[in-house]
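Observations on the three-dimensional arrangement
One letter stands for each residue in the lines below.
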Amino acid sequence: MTTPDLIIFDLGRVLVDFDFHKVVRNLKRYSPLAKKDIYTFFRQTPLWDTFERGEIEPKDFFQELSKELHLENLSFKDFIPLWNTIFTEKYDTVSILQRLRGRYRIAVLSNVNIMHWDHVLETHDFMNWIDHPIASCNVGQRKPESDIYLTTLQMAEVKPAKAVFIDDVESHVLAARSLGIRAHQFIDAPQLIRDLDGIL
């Protein structure tokens, strides 16, 4: 593999895992809706896209959720840990990141809301290794839109052919490839080691 100038990692399902069903289970304690209906709401609501683009503040997001899910006796203060404490570090992938740091510039490119982003920044030390941390909520763009990849390249001052992108979502990988970025779909750490053969 030609030596890259930048290696771009996705965050969720690549460097950290998350259990969104935990959010649904916890919200069910405050909502008359069935768990499947709460989960369906999150999959269908445009509110999710709005929050991940940074177009709505956390307290306003919570107010909209409270209305849509008929939440009762849940304050925003109590909502914060309910919403945030769903992440577990993927140590096998982070160990690969550790092998790369210092030898290459590293970016993280994530579709993420500001509450989850800030929580991961505060609770996972490997985020201190990242040269270019880029969150959709901070740039107003989301994968697989081409603009967010171009924004990442511009911030790092890197040409597409000199970047490597790693993401678990196929459509995100294909979008990166369409711009001339070398991209690999993340399956697991052993597969990633094979994909990065020549630069690890």
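For the structure, see preceding data.
For the structure given in this document, a descriptive report is provided here. Model, not experiment: these values are computed from the prediction.

**With respect to helix H2 (residues 35-44)**
- Taken residue by residue, H2 has Ile-38, Phe-41 and Phe-42 as its buried positions. Buried residues of H2 fall within an arc of 95° about the axis and therefore sit on the same side. In H2, the exposed positions that point more than 90 degrees away from the buried face belong to Lys-36, Arg-43 and Gln-44.
- Buried residues belonging to H2 abut helix H1 (20-28), helix H3 (46-52), helix H4 (58-68) and helix H5 (76-84).

**Some words on the pattern of salt bridges**
- Within this structure, the stated rule accounts for 11 salt bridges.
- Where Asp-17 meets Lys-90, a salt bridge forms, and the shortest distance between an N and an O atom there is 3.9 Å. Of this pair, Asp-17 sits in strand S2 (residues 16-18) while Lys-90 sits in the loop between strand S3 (87-89) and helix H6 (91-100), and the two are 73 residues apart along the sequence.
- On the basis of relative accessibility, which here comes to 25%, the residue Asp-17 falls in the partly exposed class.
- The class for Lys-90 is buried, based on a relative accessible area of 18%.
- Across the pair Lys-67 and Glu-64 runs a salt bridge whose closest N-O atoms are separated by 3.7 Å. Linking Lys-67 with Glu-64, this pair stays in helix H4, spanning 3 residues, or about one helical turn.
- A residue is classified by how much of its surface remains accessible, and Lys-67, at 53% relative accessible area, is exposed.
- Overall, the relative accessible area of 28% leaves Glu-64 in the partly exposed class.
- Each of Asp-49, Glu-52, Arg-53, Arg-142 and Glu-145 takes part in salt bridges that share partners, so that together they form one network.

**Some remarks on the packing of H1 against H5**
- Packing of H1 against H5 brings their axes to within 8 Å, and their N-to-C directions diverge by 145°. Residues Phe-20, Val-23, Asn-26 and Leu-27 of H1 form the contact with H5, whose own contacting residues are Phe-79, Leu-82 and Trp-83.
- Here the residues of the contact of H1 with H5 are counted per class, giving 6 nonpolar, 1 polar and no charged.

**A closer look at the packing of H1 against H2**
- H2 packs onto H1 with a crossing angle of 125° between their chain directions and a minimal axis gap of 9 Å. Put simply, H1 runs oblique to H2. Of the two elements, H1 crosses H2, and the hand of that crossing is right-handed. When H1 is examined against H2, the residues Phe-20, His-21, Val-24, Arg-25, Leu-27 and Lys-28 are found in contact with a partner set consisting of Lys-35, Ile-38, Tyr-39 and Phe-42.
- Of the residues belonging to the contact of H1 with H2, the class tally is 6 nonpolar, 1 polar and 3 charged.

**With respect to the nonpolar core**
- In this structure, Phe-9, Leu-27, Phe-79 and Trp-83 are the most contacted members of the largest nonpolar core, which totals 53 residues.
- Sequence-distant contacts of Phe-79, defined by excluding residues within four places in its chain, comprise Leu-27, Phe-61, Phe-62, Leu-65, Leu-74 and Met-115.
- Grouped together as the second largest cluster of nonpolar side chains are 17 residues, Ala-107, Leu-109, Ile-148 and Ile-181 included.

**Let's talk about the side chain of Glu-89**
- Tracing the sequence through the fold places Glu-89 in strand S3.
- Buried and unpaired, Glu-89 has no salt bridge, with Arg-101 as the nearest side chain of opposite charge at 11 Å.
- Within the structure, the side chain of Glu-89 is placed 2.8 Å from the side chain of His-124, a separation counted as a polar contact.

The rules we used
Chains are numbered independently. Their residues run from 1 in the order of the written sequence. It should be noted that, the model being predicted, local features are given only for residues of pLDDT at least 70 and side-chain atom pairs only at 80 or more, the latter also being counted only at that level, while totals for whole chains, interfaces and linings use all residues. Here the side-chain values reflect all heavy atoms present in the structure, with hydrogen atoms and water set aside. Note on classification: 1.4 Å probe, protein chains only; a residue is buried when its accessible area is under 20% of the maximum for its type, exposed when over 50%, partly exposed between these limits. Helical segments are the DSSP runs of H or I of at least four residues, strand segments are the runs of E of at least two, and each set is numbered from the N terminus. The arc in question is formed by the directions pointing from the helix axis toward the C-beta atoms. When checking whether two residues touch, look at their non-hydrogen atoms; a contact exists if any pair is within 4.5 Å. For this analysis, a salt bridge means a side-chain nitrogen from Lys or Arg found within 4 Å of a carboxyl oxygen belonging to Asp or Glu. In this analysis an axis means a line fitted to C-alpha atoms, helices contributing only their contacting stretch, and an angle means the value between N-to-C directions, from 0 to 180 degrees. In the scheme used here, Gly and all other residues not listed as nonpolar or charged are polar, with Ala, Val, Leu, Ile, Met, Phe, Trp, Tyr, Cys and Pro taken as nonpolar and Asp, Glu, Lys and Arg as charged. What sets the label is the angle itself: under 35 degrees gives roughly parallel, over 145 gives roughly antiparallel, 65 to 115 gives roughly perpendicular, and the rest give oblique. For a crossing to be left-handed, the near helix must be turned anticlockwise from the far one by less than a right angle; the clockwise case is right-handed. The criterion is simple. A nonpolar core is a set of buried Ala, Val, Leu, Ile, Met, Phe, Trp, Tyr and Cys residues joined through side-chain atoms within 4.5 Å. We treat Lys and Arg as the positive residues and Asp and Glu as the negative residues; His and chain ends play no part in the count. Polar contacts here mean pairs of N or O atoms no more than 3.5 Å apart (in protein, one a potential hydrogen donor and the other a potential acceptor; neighbouring residues in sequence count only if both atoms are side-chain atoms).

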